[in-house]
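So you can see what is in the structure, the chains are spelled out below.
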Amino acid sequence: MRDIRVVGDPVLRTPAEPITEFDRDLRRMIDEMFDVMYAAQGVGLAGPQIGVSKRIFVYDCSNRKGHVINPELTVDDDSEVLDEEGCLSVPSRETGTPLYARTPRAAGVTVSGLDRLGRPIRLKARGLLARCFQHETDHLDGMLYVDRLAKDAARKVLLQAP
């Protein structure tokens, strides 16, 4: 099983490349991503978090489970929602568990992309699932949730990380 990359690893700050081949290796990677996510007790995981700089994420959040390849995110409701958010790639140096901070996100989004067979998918989300889609898409763009925090709040989180 692959290790989750943590803050400081350059792959987390590099925009991921689109996926162009929809083959057995891709399906195997999706299954492996779910295994890693569940082992870490997460609700979402993006390719860069396991060292794969490809535009893919998996999720199991708000009673919905799936994956999105080459996602494009559209904000449907830009009302700001401030809520606790953590990340498997930003763990506490002491406990290894995700560090949380109140992070602003849009209230509603739509994510469009492809499934494991290359078929188009489109998912609308609000609440925690919308937060998850935004968080995972950020990973594919080389961003971490701490980038969305005020400077002092980000510093406070990062001082506790490895």
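Our subject is the structure listed above.
For every chain, the first residue of the written sequence is number 1, and numbering continues from 1 along that sequence. Per-residue local features of the predicted model are confined to residues with pLDDT of at least 70, and side-chain atom pairs are confined, for both listing and counting, to 80 or more; whole-chain, interface and lining totals are unaffected and use all residues. Neither water nor hydrogens contribute to the side-chain values; these are computed over all heavy atoms in the structure.

Our next topic: the sheet that holds strand E2 (residues 56-61). Pairing is antiparallel across the open sheet formed by five strands, whose spatial order is E1-E2-E3-E4-E5. What marks the edges here is a single partner per strand, and that holds for strand E1 (44-46) and strand E5 (120-126). Across the sheet, the mean angle separating the axes of adjacent strands is 30° when strand polarity is ignored. Criterion used throughout: strands pair if DSSP finds at least two bridges between them. Elements are defined by DSSP. Helices are runs of H or I of four residues or more, strands are runs of E of two residues or more, and each kind is numbered from the N terminus. In terms of strand pairing, E1 meets E2 through three bridges, oriented antiparallel. Residue pairing across strands places Gly 44 opposite Tyr 59, the latter belonging to E2. Contacts are assigned to residue pairs that have any heavy atoms within 4.5 Å of one another. All axes here are fitted lines through C-alpha atoms, helices being fitted over the stretch that makes contact, and every angle between N-to-C directions spans 0 to 180 degrees. This element, helix H1 (residues 24-39), spans E1, E2 and strand E3 (64-85) of the sheet and lies at about 45° to E2.

Each residue gets one of three labels from its accessible area relative to the maximum for its type: buried under 20%, exposed over 50%, partly exposed in between, using a 1.4 Å probe on protein chains only. The element strand E4 (residues 101-114) is extensively covered by neighbouring structure, given that ten of its 14 residues are classed as buried. Pairing geometry for E3 and E4, over twelve bridges, is antiparallel. Looking across to E4, one finds that Leu 82 is bridged to Pro 104. Between the antiparallel neighbours E4 and E5 lie five residues, among them Gly 118 with a positive phi of about 85°.

Another point: the pairing of E5. Across seven bridges, the pairing between E4 and E5 is antiparallel. In the strand pairing of E5, Ser 112 is matched with Arg 122.

Geometry of aromatic contacts follows a simple scheme: Phe, Tyr and Trp rings, the Trp one being its six-membered ring, pair when their centres are within 6.5 Å, and the pair is stacked under 30 degrees between planes, edge-to-face over 60, tilted otherwise. Under the counting rule described, the total for this entry stands at four aromatic pairs. Aromatic side chains Phe 34 and Tyr 38 sit 5.9 Å apart centroid to centroid with 25° between the ring planes, which places their arrangement in the stacked category. Taken together, the positions of Phe 34 and Tyr 38, both in helix H1 and four residues apart, correspond to about one turn of that helix. Residue classification places Phe 34 among the buried residues on the basis of a relative accessible area of 8%. Centre to centre, the rings of Phe 57 and Phe 133 are 5.8 Å apart; their planes meet at 45°, and the pair counts as tilted. Of the two residues, Phe 57 sits in strand E2 while Phe 133 sits in helix H2 (residues 127-140), which places them 76 residues apart along the sequence. For Phe 57, a relative accessible area of 0% puts it in the buried group.

Criterion for a salt bridge: a side-chain nitrogen of Lys or Arg within 4 Å of a carboxyl oxygen of Asp or Glu. Under the defined criterion, the tally for this structure stands at 14 salt bridges. For Arg 119, the salt bridge is made with Asp 115, and the minimal N-O distance between the two is 2.7 Å. Take Arg 119: its relative accessible area is 47%, and that puts it in the partly exposed class. Among the ionic pairs, Asp 152 bridges to Arg 155, the shortest N-O distance being 3.0 Å. With a gap of three residues between them, Asp 152 and Arg 155 both fall in helix H3 (residues 151-158), about one helical turn apart. A relative accessible area of 58% means that Asp 152 is categorised as exposed.

This next bit is on the side chain of Gln 134. Here Gln 134 lies in helix H2. We classify Gln 134 as buried; its relative accessible area is 7%.

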